[in-house]
Amino acid sequence: MNINTFRAFNSRNYRLYFCGQSISLIGTWMQRTAVYWVIYTATHSAPMLGLAVFAAQFPSFLFSPLGGVVSDRYNRYRVMIITQVASLIQAVLLVVVVLFTHYALWEIFALSALLGTINAFDMPARQSMVNEIINHKEDLPNAIALNSSMVNIARLIGPAISGIVLQKMGAGTCFLINAISFIVVILCLLLMRLPKYIHQKHTKKIIHEFKEGWKYLKCTPSITLVLLLIACISISVLPFTTLLPVFAKVIFKGNAATFGYLNSAIGLGALGGALFLATLKAGSNLKKILFINLLILGVGLILFSHITTLPIALLFAMLAGFGMMSQTTITNTIIQTNVSKEMRGRVLSYFGMAYFGMLPLGGLMIGVVSQYIGAPNTILAEGILAILIAFVFLPFLRKDILEEKDKLTIIELEDPAVTINNK
C-alpha cells in the first residue's frame, strides 16, 4: 500500500465527506444490528427478519427513481443536508419510541420504512456528490474504492460495538449513538467549501426526465447489463445476511455479541476487499475481478453454511465478505466512470433500485425458504447460486474484457463522465 491508495484525500471536501460519513455509517450499522436483533429476539422468526429487511429497504426501491430526478434537478449538496437532517429526526424518534414508550414492533417497522424512504433521496445525491467534491476527476475511481473501505470499516466496527452495547445497555442506547452520529456528518457538510450553485431552469416535467433516464439505459447496454447483474446478486445471494441472527442464536448458541461478531467478520473481509480495490494500478480489469470475486463469495457461503464452530465460521464469513464487497463497488465505479453528467443521478437511482430494491425482496424470499429447508441449507443454496450467476454472465464479462479492454477499468480519465456511446 502506498500514498496513491489515498490520493482522493488530497481534496479537502472529500476528507470532510469521508470523516462525517464514516462516523455516521458506524452509527447506522449499530442501529441496523440492534433493530434486527430486537425483532428476532421478540419473534424468533426468520420470515419476520425478512420482513424487517423489506420494511427498511423496499421504500428505497419505490422512490429511488424520483430521488434520482431530484438529484439531477436540484443542488445535490442541499439535498444531502436535508436528507441527513431527516435521518437525524428518524433516529431521534426511534430513541424516543424505544426508551420512553411501551413500543410495538410495528412502530419499529414503520420507522425503518421512513428511513428507507429518506435513503431513496439520499443515495443518488450522496453518490453523485463524490464526483463534485474531488479536485481531480482522475481520482474518482480511488474515491469510490475508499468509500467502500469506509462502508466496510463501519460494518466492521458498528456491529461489534452494537453487540456489546446491546448486552450491556440495550437497543435504545444503540439508537441514541446513531442519532448523535448524524450531528457529526451534518457539521462536516456545513464545513465544506463548494462553488456557488448555479440554478438551471428546468422546463421538462419530472416524469419526462424519468423517462429520459430509462431511454439512456436502453442506449447503454454495458451499464444496463451491469445493473442486471447486481440485481440478480442482490435478490438471490446478498440477502444471506438476513439469516445471521439465526446462526448467532440457534447454530452457535450465542447472544447479541455473537451476532455482532458475525457481522464484523463479514465487514473485515469486505474491508480487505475494498482496500485491495483501492490499491489497483491503472489498467486493472474490473470485470475480471468482479467475476473472480463473485466466485469467492459463492465458495465462502458454501463453506460457511454448515460450520458449527464459531471461529472457523468467522474465517469463512470473512471470505464471503471479501467477495461480497466488490459486487457493489465495481458496479458503482463502472457506472460513475461511464455515465454522462446530466444522467448521473438518475442512473445511480437505478443502481439503488437494483441493489437496495432487490435486497428486501430477496430478504423476504430467503426468510420464507429457510423455514422449509433450514438456515444452513438456504445459505448453501445462495452460495451455489452465486457461482451459477457468475458463469451465466461470463459471456458478457468476457465480451467486455476482450472488446472494451480499458474502457470499464480503473484508469486515469480526463473526463470520467463520458458516455459509452461517445467512446
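Residues numbered from 1 in each chain as written. Predicted model: local features only at pLDDT ≥ 70, side-chain atom pairs only at ≥ 80, totals over all residues. Heavy atoms only, no water.

1. Points about the overall build of the protein
Quick note on the threshold: Every helix listed is a DSSP run of H or I at least four residues long, and every strand listed is a run of E at least two residues long, numbered separately from the N terminus. Should any heavy atoms of two residues lie within 4.5 Å, those residues are counted as being in contact. Under the convention used here, a 1.4 Å probe and the Shrake-Rupley method define accessible areas, while residue burial counts only the protein chains that appear.
Broken down by element type, the protein carries 15 helices and zero strands. Sequence separation of 24 or more characterises 87% of the internal contacts of the protein that already satisfy a separation of 6 or more. For the protein, the exposed area adds up to about 17400 Å²; of that, 68% sits on carbon and sulfur atoms.

2. Examining the confidence of the model for the protein
Basically, it comes down to this: pLDDT measures the predictor's confidence residue by residue and takes values from 0 up to 100.
In the predicted model, the protein carries a mean pLDDT of 80, and the fraction of residues at 70 or more is 87%. Mean pLDDT across the elements of the protein bottoms out in helix α15 (residues 394-403) (62) and peaks in helix α14 (residues 375-392) (93). Contacts of residues 400-423 to residues separated by more than four positions or lying in other chains number 66 contacts, the stretch itself having pLDDT below 50.

3. Concerning the packing of aromatic side chains
In plain terms, the rule: The aromatic pairing rule takes the rings of Phe, Tyr and Trp, using the six-membered ring of Trp, and pairs them if the centres are within 6.5 Å, calling planes under 30 degrees apart stacked, those over 60 edge-to-face and the rest tilted. Whether a charge lies above a ring is judged from NZ of Lys or CZ of Arg, which has to be within 6 Å of the ring centre and within 35 degrees of the ring normal.
If you walk through the whole model with that rule in mind, you get nine aromatic pairs. Each member of the aromatic cluster is reached from another via a ring pair, and the members are F9, Y14, Y17 and F18. Here the guanidinium or amino end of R32 rests over the ring plane of W29, the centre of that ring lying 4.5 Å away.

4. Things to note about the nonpolar core
Basically, it comes down to this: By nonpolar core is meant a set of buried Ala, Val, Leu, Ile, Met, Phe, Trp, Tyr and Cys residues that side-chain atoms within 4.5 Å join together. Relative accessibility under 20% of the residue-type maximum defines a buried residue, over 50% an exposed one, and the middle range a partly exposed one, all with a 1.4 Å probe and only protein chains included.
In terms of nonpolar packing, the biggest core is built from 98 residues, with Y14 and L297 touching the most fellow members. Top contributing element to this core by residue count: helix α1 (residues 12-43), with 14 residues. Residues contacting Y14, with those up to four places away along its chain left out, are A8, F9, V130, I133, I134, A143, L146 and N147. If you look at the next biggest cluster of nonpolar residues, it comprises 13 residues, including I335, M343, Y350 and M353.

5. Points about helix α8 (residues 221-236)
Put simply, the rule reads: Each residue after the first adds 1.5 Å to the expected span of a helix.
Here α8 is 16 residues long and its end C-alpha atoms lie 22 Å apart, about the 22 Å a rise of 1.5 Å per residue gives. Burial in α8 covers these residues: S222, I223, V226, L227, L229, I230, A231, I233, S234 and S236.

6. Concerning helix α3 (residues 76-100)
Test applied: Between N or O atoms, a polar contact is any pair within 3.5 Å; within protein, one atom must be a potential hydrogen donor and the other a potential acceptor, and residues adjacent in sequence are included only when both atoms are from side chains.
Spanning 25 residues, α3 covers 36 Å between terminal C-alpha atoms, matching the ideal 36 Å at 1.5 Å per step. The residue sitting at the N-terminus of α3 and contributing the capping side-chain oxygen is N75; that oxygen lies 3.0 Å from the backbone nitrogen of Y77.

7. Some words on the pattern of salt bridges
Keep this limit in mind: The term salt bridge refers to a pairing of a side-chain nitrogen on Lys or Arg with a carboxyl oxygen on Asp or Glu at a separation within 4 Å.
Following the criterion strictly, the structure yields one salt bridge and no others. For R126, the salt bridge is made with D122, and the minimal N-O distance between the two is 2.8 Å. You can see R126 and its partner D122 sitting in helix α4 (residues 105-133), four residues apart, about one turn around the helix.

8. Here we look at the environment of G367
Inspection of the secondary structure assignment puts G367 in helix α13 (residues 344-373). Distance in space between the C-alpha atoms of G367 and L51 is 8.1 Å, their sequence separation being 316 residues. Not counting chain neighbours up to four residues away, the residues in contact with G367 comprise A46 and P47.

9. Thoughts on the packing of α1 against helix α9 (residues 244-251)
For clarity, the threshold we go by: As a rule, the C-alpha atoms of each element are fitted with a line to give its axis, helices using only the stretch in contact, and angles between N-to-C directions run from 0 to 180 degrees. Between 65 and 115 degrees an angle is taken as roughly perpendicular, under 35 as roughly parallel, over 145 as roughly antiparallel, and anywhere else as oblique. For any pair of crossing helices, the crossing counts as left-handed if the nearer helix is rotated counterclockwise from the farther one by less than a right angle, and right-handed if it is rotated clockwise.
Orientation of α1 relative to α9, taken along the N-to-C sense of each, is 50°, at an axis distance of 10 Å. Viewed along their axes, α1 and α9 adopt a mutual orientation that is oblique. Crossing of α1 against α9: the hand is right-handed. The residues of α9 that touch α1, namely those facing W37, Y40 and T41, are P245, V246, A248, K249 and V250.

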